[in-house]
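Coordinate inspection notes
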Amino acid sequence: MKVFIEKNYDQLSKRAADMIAGEISKKPNSVLCLPTGSTPIGTYRELSGMYAAGKVDFSGIVTFNLDEYIGLRQDDENSYHYFMHHHLFDHINIKQGNAYIPDGLSENMEEACKNYDVKLDLYNEKDLLLTGIGQNGHIGFNEPDDRLFARTHTVLLSENTRAANARLFENADDVPKVAITMGIADIMHFKKMIIIANGTAKAAIIKDLLTGRMVDTHNTSSLTYLHNDVTVILDEEAASLL
Ligand code: F6R
């Protein structure tokens, strides 16, 4: 694992955006995996700025999002569809059909999961995955458990995750209890992984990730020990327990 500790969130965001832009300029038809949440907002702001300045062209890329809440309309401000458009897609020239996000509104979630796997299987070469990390170590919504799903599946969100995400909802009870997420096998198939984390709330899990020596399904992020190209980008607060 390569680790970068940046002075602050802006520097972290800049480094992540530079790595993504670098990947796209090397391979204009890169297949990327993208997260939502608070952590990547700065990275998306940087990437949007680079596009506005003519420094990066997104017209050839394909993106897969990690996850989506089940039951939120796509125009709901808390849906990940809305998030992606608001923070990134509306500001860059990605082609409309090239951005895949799991369907959290299907009447048949089993079919929605299979459909997402079919889309993922269309691309043999998956280039770069950007992800945040949950306070409990989740990647995507692969929550701590005795066994982890390999592929796209629905998941009951942990109380820890719902509490962490409640800040974005009017009432804590409004946070959906279920979500659809890419599974750990598809996550691991991306050739490069970038994990970003900022703030003191992430310090303990970052310490676990960077000092732990065991692969543990109760800390999904530890599965990245099995991957050979992982870059972790932190601000000083997230790195404060190292
Ligand atoms: C979001 C996702 C989650 C977040 C994680 C951290 O698509 O997959 O795993 O990356 O919950 O969220 P923030 O960035 O809000 O702390």
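Note: the structure precedes this text.
To keep things clear, this report deals only with the structure shown in the data block. If you're wondering where the values come from, they're calculated on a predicted model, not measured in any experiment.

1. Some thoughts on the sheet that holds strand β4 (residues 67-69)
Here we have three strands laid out as an open sheet, ordered β4-β8-β7, and antiparallel in their pairing. Unpaired on one side and paired on the other, β4 and β7 (153-156) mark the two borders of the sheet. Between one strand and the next, the sheet's axes are offset by a mean angle of 25°, whatever the strand orientation. The pairing of β7 with strand β8 (residues 178-181) spans four bridges and is classified as antiparallel. Each residue of the ladder has a partner; that of T154, found in β8, is I180.

2. Looking at the packing of helix α1 (residues 9-26) against helix α2 (residues 41-52)
One way to put it is that α1 packs onto α2 with a least axis distance of 8 Å and a crossing angle of 55°. One element, α1, and the other, α2, form an angle in the oblique class. Seen from above, α1 lies across α2 with right-handed handedness. Contact with α1, carried on its side by Y9, D10, S13, K14, A16, A17, D18, I20 and A21, involves I41, G42, T43, R45, E46, L47 and M50 of α2 and no other residues of that element. Each residue belonging to the contact of α1 with α2 can be placed in one class, and the counts come to eight nonpolar, three polar and five charged.

3. So, the site of the ligand
In the vicinity of the ligand lie 14 residues, with T39, D67, H138, G140 and K202 positioned nearest. Contact distances for the ligand include 2.8 Å between an oxygen atom and a side-chain N or O atom of T36. Here the ligand has 410 Å² of accessible area as a free molecule, and 93% of this is covered by the chains. A majority-of-atoms criterion places the ligand in the largest pocket.

4. What to know about the pattern of salt bridges
A complete count under the given rule lists 15 salt bridges for this structure. One salt bridge connects R162 with E159, and the closest N-O pair in it is separated by 3.5 Å. With a gap of three residues between them, R162 and E159 both fall in helix α5 (residues 159-165), about one helical turn apart. A relative accessible area of 8% places R162 in the buried class. When salt bridges that share partners are traced, they join K27, E125, D127 and K191 into one network.

Rules behind the numbers
- Residues numbered from 1 in each chain as written.
- Predicted model: local features only at pLDDT ≥ 70, side-chain atom pairs only at ≥ 80, totals over all residues.
- Heavy atoms only, no water.
- Pairing = 2+ DSSP bridges.
- Helix = DSSP H or I, 4+ residues; strand = E, 2+ residues; numbered from the N terminus.
- Axes fitted to C-alpha atoms, helices over the stretch in contact; angles between N-to-C directions.
- Parallel < 35°, antiparallel > 145°, perpendicular 65-115°, else oblique.
- Left-handed = near helix turned anticlockwise from the far one by under 90°.
- Contact = heavy atoms within 4.5 Å.
- Nonpolar A, V, L, I, M, F, W, Y, C, P; charged D, E, K, R; others polar.
- Near = heavy atom within 4 Å.
- Polar contact = N/O pair within 3.5 Å; in protein donor to acceptor, adjacent residues only side chain to side chain.
- Areas by Shrake-Rupley, 256 points an atom, 1.4 Å probe, with all protein chains shown as cover.
- 1 Å grid on protein atoms, 1.4 Å probe; cavity = no way out; pocket = protein on both sides within 12 Å on 5 of 7 lines; lining within 4 Å.
- Sits in = over half its atoms within 2 Å of the grid points.
- Salt bridge = Lys/Arg side-chain N within 4 Å of Asp/Glu carboxyl O.
- Buried < 20%, exposed > 50% of the residue type's maximum accessible area, 1.4 Å probe, protein only.

Read these as geometric descriptors, not functional statements.
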